[in-house]
Structures are given as structure tokens and as C-alpha cells.
Amino acid sequence: MSAGECLQLEKSWRLNPKSSPVTLMCSSVQKALFEEEDHVKKLQQKVAALEKRNKRLRDRVAKVKRSLRQARKSGRHLELVNQKLSEKLAAVAGAIPHINALGQEPAGATYLRG
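Quick caveat: nothing in here was measured; it's all calculated off a predicted structure. (Residues numbered from 1 in each chain as written. Predicted model: local features only at pLDDT ≥ 70, side-chain atom pairs only at ≥ 80, totals over all residues. Heavy atoms only, no water.)

Turning next to the overall build of the chain. Of regular secondary structure, the chain possesses three helices and zero strands. Its helices and strands in sequence order give the chain the pattern α-α-α, from N to C terminus. A burial count over the chain gives 4% of its 114 residues as buried. (Helix = DSSP H or I, 4+ residues; strand = E, 2+ residues; numbered from the N terminus. Buried < 20%, exposed > 50% of the residue type's maximum accessible area, 1.4 Å probe, protein only.)

It is worth spelling out a positive patch on the surface at this point. Residues Lys52, Arg53, Arg56 and Arg60 make up a contiguous surface patch of positive charge. Note on placement: Arg60 falls in helix 3 (residues 27–95). (Patch = residues over 30% accessible without salt bridge, like charges linked within 9 Å, V, L, I, M, F, W, Y side chains within 5 Å. Areas by Shrake-Rupley, 256 points an atom, 1.4 Å probe, with all protein chains shown as cover. Salt bridge = Lys/Arg side-chain N within 4 Å of Asp/Glu carboxyl O. Lys, Arg positive; Asp, Glu negative; His and termini not counted. Charge placed at Lys NZ, Arg CZ, Asp CG, Glu CD.)

A complete count under the given rule lists one salt bridge for this structure. Ionic pairing is found between Asp59 and Lys55, a salt bridge with its closest N-O pair at 3.2 Å. Of the two residues, Asp59 and Lys55 both sit in helix 3, four residues apart, roughly one turn of that helix. Asp59 gets classed as partly exposed once you look at its relative accessible area, which sits at 40%.

Residues Glu35, Glu36, Glu37 and Asp38 make up a contiguous surface patch of negative charge. With respect to the helices and strands, the residue Asp38 is situated in helix 3.

Summing up the model confidence of the chain, the mean pLDDT is 80 and the portion of residues at 70 or higher is 62%. Ranking the elements of the chain by mean pLDDT puts helix 2 (residues 21–24) last, at 54, and helix 3 first, at 94. (pLDDT = per-residue confidence, 0-100.)

Structure representation (C-alpha cells):
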């Protein structure tokens, strides 16, 4: 069927709305329509797959961000604990004499006799 015949059929569809357009369609037009529908279906499937993948990636990014926040919070907490322990250690170290100083008399006391 030629393009001119398809145009004539299109005019007849407008004049007689009761006739089924599917039965009057040219085979080349039908083929193009089916190919286009297949193409659209494939694209819709690709879009659906990409949307799923995008959602999974967004979820993974959210998990990584959450982990990073928790690690930073934990790091700050450990720094605070370390600082407090260092302060306690410094306070205790000042109150206890050094191990080398235990059991010895002051060096200046021996020379003051006499």
C-alpha cells in the first residue's frame, strides 16, 4: 500500500468513525507502530531499572553518611575521654614522687653538718 492510499484511508476514517482504524491501517504503519511500542516498552524497562539502581545508590550514600557521622561522634567522644584521662594522670603524677627519688635523703643535707 502506498503513502497516497494511506492518506485516502485516513480521510475515510474521518468520514466514517465507525470503521476500525486498526483494520484499515497500512502494514508499514502497523509495523512502525509496533516497533515504536516495543521501543517505548524497552525504554520504560530501562527507566525502571535505572530508578531502582538510583534508589539503591542513594540508600548506600545515606548509610555511608550515617557511618561517617557516627565515626566522627565516636572520635570526639574518645578525644574527650583521652583528655580527661591525661588530666587525671597529670594530677596523680604530681602527687606521687618519682620512683628514683624514693628512699634517698635530700642531697643538700649531708653537706650542712659541721
